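# Reading the structure
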Amino acid sequence: QPPGTPVVDISVSRSPKVVHYMDSAVMIEPNETVDIHAGRKLLGAIGPYYQYDDSRTATNTDSDFEFYDVSDCRRPVLKGTLKLPRLRAHGGVFAPDGRTYYTTSYTGNIPPDDRNHGNERWGTNVDAVIAIDVTDPTRPREIVRWVVPTEVGSPHWITLNQDGTRAYLSLSGKQFGSDAPVANGIAIGKAITAM
């Protein structure tokens, strides 16, 4: 199959068909970061997801964000990009108003006894929640980075309430290299949005 994220036409629900592949470096393997804001007709994604056995990502410690106009949902158009340092991107979601995109940086799925030297590059202060201002789709910018304390756990996924004021962060595993116990659960906090 061609590499990338397929765009699937489901206008005839009984016979969906691939009409396009988004094959940028981000869209080759965006993991759980793909999200669409229907009101603003925008798609956001961060990638590639970091795998030590993948030559594209084996030594990276940053991620690229891409922001697409999906007014013509069959042919997404790249509007803006942003390099995010020290980020092991995992989950991503738009705020309800579509002006802020949130992502998690997650090391909780690296086994604690992993001896792969490629994972040593992550060190500490990688597990975080990052808010990206996408008010201007051509100029996305990082506005907040909350480094999650090791005793809280590793941030797997984030979602927001309907008015975008509260964030719910699912926790899974423990931060890579941490001596803290495994923390599976949820953290709740105030959401920071673009002004």
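Just above, that's the structure.
Note that this is a predicted model, so its numbers are computed, not measured. (Residues numbered from 1 in each chain as written. Predicted model: local features only at pLDDT ≥ 70, side-chain atom pairs only at ≥ 80, totals over all residues. Heavy atoms only, no water.)

This part is about the sheet that holds strand 3 (residues 35-37). Spatial ordering of the open sheet is given by 3-4-5-6, a layout of four strands whose pairing is antiparallel. Pairing within the sheet leaves two strands with one partner each, and these edge strands are strand 3 and strand 6 (77-85). Put simply, the sheet's adjacent strands are angled 20° from each other on average, direction ignored. Where strand 3 lies against strand 4 (residues 42-47), three bridges are found, and the strand directions are antiparallel. For Asp 35, the partnering residue across the bridge sits in strand 4 and is Gly 44. (Pairing = 2+ DSSP bridges. Helix = DSSP H or I, 4+ residues; strand = E, 2+ residues; numbered from the N terminus. Axes fitted to C-alpha atoms, helices over the stretch in contact; angles between N-to-C directions.)

Let us look at the pattern of salt bridges. Taken as a whole, this structure holds six salt bridges when the rule is applied. Note that Arg 141 is salt-bridged to Asp 133, the shortest N-O span being 3.2 Å. Arg 141 sits in the partly exposed class, given a relative accessible area of 47%. The buried category is assigned to Asp 133, whose relative accessible area is 7%. (Salt bridge = Lys/Arg side-chain N within 4 Å of Asp/Glu carboxyl O. Buried < 20%, exposed > 50% of the residue type's maximum accessible area, 1.4 Å probe, protein only.)

What follows deals with the environment of Thr 100. Of note, Thr 100 is situated in strand 8 (residues 100-105). A relative accessible area of 0% places Thr 100 in the buried class. In this structure the C-alpha to C-alpha distance between Thr 100 and Ser 55, which are 45 residues apart in sequence, comes to 31 Å. Those residues in contact with Thr 100, other than ones at most four positions away along the chain, are Val 93, Phe 94, Ala 95, Ala 131, Ile 132, Val 134, Ile 143, Ile 192, Thr 193 and Ala 194. (Contact = heavy atoms within 4.5 Å.)

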